[in-house]
Amino acid sequence: MNSAARAVNIDDLRRLAKRRLPRVVFDYIDGGSGAEFTMRENCRIFEAVTFRARNAVARMDCRLQTTVVGTPIALPFLLAPVGSSRLFFPRGECVAAAQAGAAGTIYTLSTLSGCALEDVKAAATGPVWYQLYLLGGREAAEGAIVRARDAGYRALVVTIDTAVAGQRERDVRNGGAELVSGNLWRMLPHIPQLLARPRWMLDFLRDGGMMKFPNVVIPGEGVMAYEDVGAALERSTVSWDDMGWIRDAWRGPIVIKGVLSSEDARRALDVGAEAIVVSNHGGRQLDCVSATLRALPEVVEAVGGRSEVLLDGGIRRGSDVVKALCLGARAVLIGRAYAYGLGAAGGAGIARAIEILRSDVVRTLRLLGCLDVAALNRSYVEL
Ligand SMILES: Cc1cc2nc3c(=O)[nH]c(=O)nc-3n(C[C@H](O)[C@H](O)[C@H](O)COP(=O)(O)O)c2cc1C
């Protein structure tokens, strides 16, 4: 039995990931921006919501199925876009897509992935969404959109909270930018942390070493090399005005990710978003914005049922999933919860993360006395 199989909760997987990954990679997953206030608050806020259970509701079966953007899924959570997953485990994005499908849910592929979107689609065993950054400019983005459409991705997730990259202080201290600079002198002081994880190092080299961004093909230049993501994002800011040409190129459902206010929710509706993700990027962008669970009711009210509302940020337990659904989310996205699993043990780690959350949702629903995720509402929680 692998060690991930013995993990009881997501925090166990986090510890295993910390053991297998070099510090710079683990902290890239685990860290947030600034003082990490928002990142901590995303998790902490779930503690401020308590359940109002209905006991002695005897029935064994639980319904976890829901539909997001027209796609039926077996679980009320899906896998969020997590860039550079290939650094966590060989062919990380392909591995994650396969595990999501096996569990009956959706995998969202980040623009900043190390595996080509066609390869991820081929490895996927269920529905996949594509998350868009305008990296490399409009033409490069249009190229990726057409490729994603042709490959059969079901929805385009446009992330709007990355005008510039957040200042992730752990990445700065760990030499994240230096390690991808290609300059040996700059890299040298930070290399020992990689050598301290020989098992990861071997996997990394076997998988081809430093990944590129195969989904960003820059006209006249070719596939974008891995570089400091912060600098790249700064050159690729998306605005509401871009949604017109993005929609024309995509011709399918659009999901707007990074909404925290009624103002942005209305703008997302104006551009015809089929779904909105209440997200602060897992506390990795603007520090001190509100925790997503706190922002959720405002967005749900502004949307008024005209679009689906999803949430991500801080989901570490099944009870967190249930609380978000009670407060109006149709489903949630998980980021670090599965990224820790991938970093800990590849596919087996992701499978364990999903199973931990799934069984916890089932247990929570049965103890709560509400056996269908579609029947959850505010009466089951106290704020
Ligand atoms: C390591 C890492 C990489 C991420 N990369 C992306 C990305 O490429 N695109 C994106 O829209 N969001 C990205 N996110 C944000 C996630 O999609 C999601 O919003 C966040 O992880 C949710 O919070 P949680 O990690 O607490 O579940 C990333 C998050 C992490 C942890």
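The coordinates are above.
The rules we used
- Residues numbered from 1 in each chain as written.
- Predicted model: local features only at pLDDT ≥ 70, side-chain atom pairs only at ≥ 80, totals over all residues.
- Near = placed C-beta within 6 Å.
- Helix = DSSP H or I, 4+ residues; strand = E, 2+ residues; numbered from the N terminus.
- Core = buried A, V, L, I, M, F, W, Y, C linked by C-beta atoms within 7 Å.
- Buried ≥ 20, exposed ≤ 12 C-beta atoms within 10 Å, placed from the backbone.
- Axes fitted to C-alpha atoms, helices over the stretch in contact; angles between N-to-C directions.
- Parallel < 35°, antiparallel > 145°, perpendicular 65-115°, else oblique.
- Left-handed = near helix turned anticlockwise from the far one by under 90°.
- Contact = placed C-beta atoms within 7 Å.
- Arc of directions from axis to C-beta.
- Pairing = 2+ DSSP bridges.
- Right-handed = clockwise from strand over helix to strand, strands pointing away.
- Nonpolar A, V, L, I, M, F, W, Y, C, P; charged D, E, K, R; others polar.

Digging into the site of the ligand
Item 1. Around the ligand, the surrounding shell holds 25 residues, and the nearest of these are Ala80, Gly83, Ser110, Gly282 and Gly335.
Item 2. Residue contributions to the shell around the ligand peak at three residues, all from helix H17 (residues 336-368).

Here's the deal with the nonpolar core
Item 1. One finds Leu156, Val255, Ile276, Val299, Leu310 and Val332 to be the most contacted residues of the largest nonpolar core, which totals 128 residues.
Item 2. Per-element accounting of this core gives the leading share, 16 residues, to H17.

Overview of the packing of helix H2 (residues 23-30) against H17
Item 1. Between H2 and H17, the shortest axis-to-axis distance is 10 Å and the interhelical angle comes to 160 degrees. Classed by the angle they form, the pair H2 and H17 counts as roughly antiparallel. By crossing handedness, the relation of H2 to H17 is classed as left-handed. Within the contact between the two elements, H2 uses Phe26, Ile29 and Asp30 and H17 uses Arg336, Ala339, Tyr340 and Gly343.

With respect to helix H1 (residues 10-20)
Item 1. Of the positions making up H1, those classed as buried are Ile10, Leu13, Arg14, Leu16, Ala17 and Arg20. Down the axis of H1, the buried set is contained in an arc of 165 degrees. They therefore lie on one face.
Item 2. Tucked inside the fold, the buried residues of H1 contact H2, helix H11 (198-206) and H17.

Brief notes about the pairing of strand E10 (residues 254-259)
Item 1. Counted residue by residue, E10 has six buried out of six residues, so it is predominantly covered.
Item 2. Of the pairings in the sheet, the one linking E10 to strand E11 (residues 275-278) comprises four bridges and is parallel in character. Along E11, the bridge assignment pairs Lys257 with Val277.
Item 3. The parallel pair E10 and E11, bridged by helix H14 (residues 262-270), forms a crossover whose chirality is right-handed.

Describing the packing of helix H6 (residues 138-151) against helix H13 (residues 243-250)
Item 1. Relative to each other, H6 and H13 sit at 35 degrees, their axes nearing to 9 Å. Seen along the crossing, H6 lies across H13 with a hand that is right-handed. Across from Glu142, Ile145, Val146 and Arg149 in H6, the residues of H13 making contact are Ile246, Ala249 and Trp250.
Item 2. Here the contact of H6 with H13 is built from residues that sort into five nonpolar, no polar and two charged.

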